[in-house]
Amino acid sequence: MDHAIWADGLVKRFGETTALDGVNLGVRTGTVLGLLGPNGAGKTTAVRVLATLLRPDAGTASVGGYDIERQAHQVRQLVGLTGQYAAVDEMLTGAENLLLIGRLLGMPRPAAKQRARELLSDFDLTDAADRAAKTYSGGMRRRLDLAASLVGRPQMLFLDEPTTGLDPRARSELWSLIRRLVSGGVTVLLTTQYLEEADALADEIVVIDHGRVIATGTPDELKAKTGSQTLAVRPEDESHLPLVTAVVGELTKSTPELQGSRVTAPVTDPAVLPAVVRRLDDAGVLVTELTLRGASLNEVFLSLTGHPAEDGDGDEGPTEGSLT
Amino acid sequence: MTAAATTAPPPAELSPRVGLAEGLRQTMTLAWRTIVQVRHNPWELGDFSIQPIMFVLLFTYVFGGAIAGSTGEYLTFALPGIIVMNMLFITMYVGTGLNIDLTKGVFDRLRSLPVARWAPMAGRILADQVKQAWSIFLLLAVGMILGFRIGTDVASLLAAVGLMLVFALAFSWVSVLVGVLAKDPEKVQLFGFTALFPVTFVSNVFAPTDTMPGWLQKFVEVNPVTILADASRALMLGDETTGTQWHVASATTPALQSLLWAAVIAAVFAPLSVWALRRRV
């Protein structure tokens, strides 16, 4: 199958920091690639290199068959970019922001206005169209930002942490917008810190850490690698901890971990949770917490790298440091 | 999402570069954007409309009598210089606006679009020229209401305005450099005013040079603000200044010196700014 985006051995250094240390990746046409990693892993740098905003120090990459260095202008005609920070002109209205992009892309004024109207209506911003963007909420800004990257109907969309900082409702709205774009045939490169998000949107996931690709696969393959879900139980009365530990240990056939007054254990069998509930009920143990959750990014990292995801600041070296 | 979200079929051939005409059109669009911003940001309009008018009123009616003996005469001498001073302050908007674009990510968005690499900067500077022209027009109009009279002709007046716009064009690069180096827009403003106040006040805009102590005169005489103010007075007032401390015999020398200053400033600061910008993005 053909690749809309292809990167081979990308290296990018900022002074002493190596943000990308030989990154290879491929995104098949019409699919979503999730670039997953903690802060500082090199996600933003990778996107900026592929979007022609930064020149790589080594390696090659092509977007839509065009070389990102030698044919940057062609690449820019194919790609829509939505950065980590909603890059809209706060002093212009929503409509003016989209009109500006349309005009810059060479649309005649009436066509650019028409396109702005369509997008504002699609992104549920019609009522706010004539208000300055500085009055928008975070979710509205992100929607306007995404709309701005779609003015030219790009074949490819680069989304750099599109939902960071959004509340759950705004996040799920944005997810469904992205899904609709993909069903319209757009190829998406998405960076995220959330396994959940990559899982929800991506056909394939590339996990990067310290500028290197450490795992590649479908969400299911990746989850299979990182194994199970985690059961957590917190008894109301701490004196029940030994009993809870014993029950959880017996039913999950593992040695539970004790974190404060919470007992956690890995679970693979879906029958465990109801069994735990029954046994604790029979024993008259009241619990304040009883959860079963999927592997977190931290657990993915732990199992892939042997170290937890470091939450370093200054993601992607100097670019972010100087631009925030 | 209906029709709007669907992808257009891939264009058969993508153009390999931006043509000059296309780049100029993009520059116009970006200049339009900067002008439209003012509509949503009335305080900025106040900054380059009301503030200079306040300066004219303040200096004419509060200090004018003491400095020149009569408010009317003082207005005649001071207005061309005040216009020059105001021009320098307005160039700071180039840096402020650029800094906002850099910090908010708008600059990256523009660079990710298939537009000429020089268009964002050219658009800003073009918009600045529009603001400059507006401010010069406004100050001349207010001055005329208060009794200011052009002592030369339309051609000389246009030459004065043109000279100021050329100087503004060159000085914009100083503003660009500050805009690129500053961490946030407030710092651009702060730097601009801190640096521009001494440069503009220590000139012959408000008082004649020979009333100042000798050591200060040396600075005032080479200060481009003085030179440009001299050129503007000569071009706007002509013989009306004969016999006063502000009299400049001919516009030619200060006008040429102004152009030389503009060339030097542009030659130093344009490459520096481009270099700093490359480092930052």
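In this text, all values refer to a predicted model and were calculated from it rather than measured experimentally.

This part takes up the sheet that holds strand E14 (residues 287-293) of chain A. Residues and elements named next belong to chain A. The strand order E12-E13-E11-E14 describes an open sheet built from 4 strands, whose pairing is antiparallel. Looking at strand neighbours, the two that pair on one side only are strand E12 (257-259) and E14, the edges of this open sheet. For this sheet, the mean angle separating the axes of adjacent strands, direction not counted, is 20°. Bridging between E12 and strand E13 (residues 262-267) involves 3 bridges; their strand directions are antiparallel. Bridge assignment links Leu258 to a residue of E13, and that residue is Val263.

Contacts between the two partners involve 43 residues from chain B, matched on the other side by 48 residues from chain A. Where chain B touches chain A, the interface holds 5 salt bridges. Measuring nitrogen to oxygen at the nearest pair gives 3.5 Å for the salt bridge that ties B:Lys104 to A:Glu90. Seen at the junction of chain B and chain A, the total is 12 residue pairs in polar contact (both at pLDDT 80 or more). At the level of elements, helix H1 (20-39), helix H4 (71-104) and helix H5 (106-112) of chain B are the ones that each hand at least two residues to the side of chain B that touches chain A. When residues of the side of chain B that touches chain A are assigned to their parent elements, the largest contribution, 9 residues, is made by H1(B). For the side of chain B that touches chain A, the residue count by class is 21 nonpolar, 12 polar and 10 charged.

There is a patch of nonpolar side chains on the surface, built from B:Leu260, B:Val264, B:Val268, B:Leu272 and B:Trp275 and spanning about 480 Å² of accessible area. Within the element layout of this structure, B:Trp275 appears in helix H11 (residues 252-280).

The next thing to look at is helix H1 (residues 43-50) of chain A. All names here are of chain A. Most of H1 is tucked away: 8 of the 8 residues are buried. Buried within H1 are the following residues: Lys43, Thr44, Thr45, Ala46, Val47, Arg48, Val49 and Leu50. Positive phi shows up at Thr52, right after H1, with a value of about 70°.

What follows is about the domain arrangement of chain A. Many descriptions give the size of an interface as the accessible area lost when the pieces come together. Split by domain assignment, chain A resolves into domain 1 (3-224) and domain 2 (228-294). With centres defined by C-alpha atoms, the gap from domain 1 of chain A to domain 2 of chain A works out at 41 Å.

Attention now moves to the packing of helix H3 (residues 94-104) of chain A against H1(B). Look at H3(A) against H1(B): their axes get within 9 Å of each other, and the N-to-C directions meet at 170°. Considered as vectors, H3(A) and H1(B) are oriented roughly antiparallel to each other. When you trace H3(A) past H1(B), the crossing you get is right-handed. Of the residues in H1(B), those in contact with A:Glu96, A:Leu99, A:Leu100, A:Arg103 and A:Leu104 of H3(A) are B:Arg25, B:Gln26, B:Thr29, B:Leu30, B:Trp32, B:Arg33, B:Val36 and B:Arg39. The class makeup of the residues in the contact of H3(A) with H1(B) is 6 nonpolar, 2 polar and 5 charged.

Take the sheet that holds strand E1 (residues 3-14) of chain A next. All names here are of chain A. With antiparallel pairing, 4 strands are arranged side by side in an open sheet as E2-E1-E4-E5. Taken across any chain shown, the strands that pair with only one partner, and hence form the sheet edges, are strand E2 (17-28) and strand E5 (66-67). As defined by bridge partners, E1 adjoins strand E4 (residues 58-63) across 5 bridges and the pair is classed as antiparallel. Its bridge partner being in E4, Asp8 is matched across the sheet by Thr60. Sitting on the sheet, H1 is in contact with E1, E2 and E4, with an inclination near 120° to E1.

All names here are of chain B. According to UniProt, the "transmembrane region" (unreviewed entry) feature falls on residues 48-68, 74-94, 133-151, 157-181, 188-207 and 259-277. The span residues 133-151 carries 74% helix and 0% strand; its end-to-end C-alpha distance comes to 20 Å. The distance from the first to the last C-alpha atom of residues 157-181 is 36 Å, and the span holds 100% helix and 0% strand.

What counts, and at which threshold
Residues numbered from 1 in each chain as written. Chains lettered and ligands numbered in written order. Predicted model: local features only at pLDDT ≥ 70, side-chain atom pairs only at ≥ 80, totals over all residues. Heavy atoms only, no water. Pairing = 2+ DSSP bridges. Helix = DSSP H or I, 4+ residues; strand = E, 2+ residues; numbered from the N terminus. Axes fitted to C-alpha atoms, helices over the stretch in contact; angles between N-to-C directions. Contact = heavy atoms within 4.5 Å. Salt bridge = Lys/Arg side-chain N within 4 Å of Asp/Glu carboxyl O. Polar contact = N/O pair within 3.5 Å; in protein donor to acceptor, adjacent residues only side chain to side chain. Nonpolar A, V, L, I, M, F, W, Y, C, P; charged D, E, K, R; others polar. Patch = residues over 30% accessible without salt bridge, like charges linked within 9 Å, V, L, I, M, F, W, Y side chains within 5 Å. Areas by Shrake-Rupley, 256 points an atom, 1.4 Å probe, with all protein chains shown as cover. Buried < 20%, exposed > 50% of the residue type's maximum accessible area, 1.4 Å probe, protein only. Domains from an automatic or database assignment. Parallel < 35°, antiparallel > 145°, perpendicular 65-115°, else oblique. Left-handed = near helix turned anticlockwise from the far one by under 90°. UniProt positions renumbered as here; feature names shortened; annotations may be inferred.

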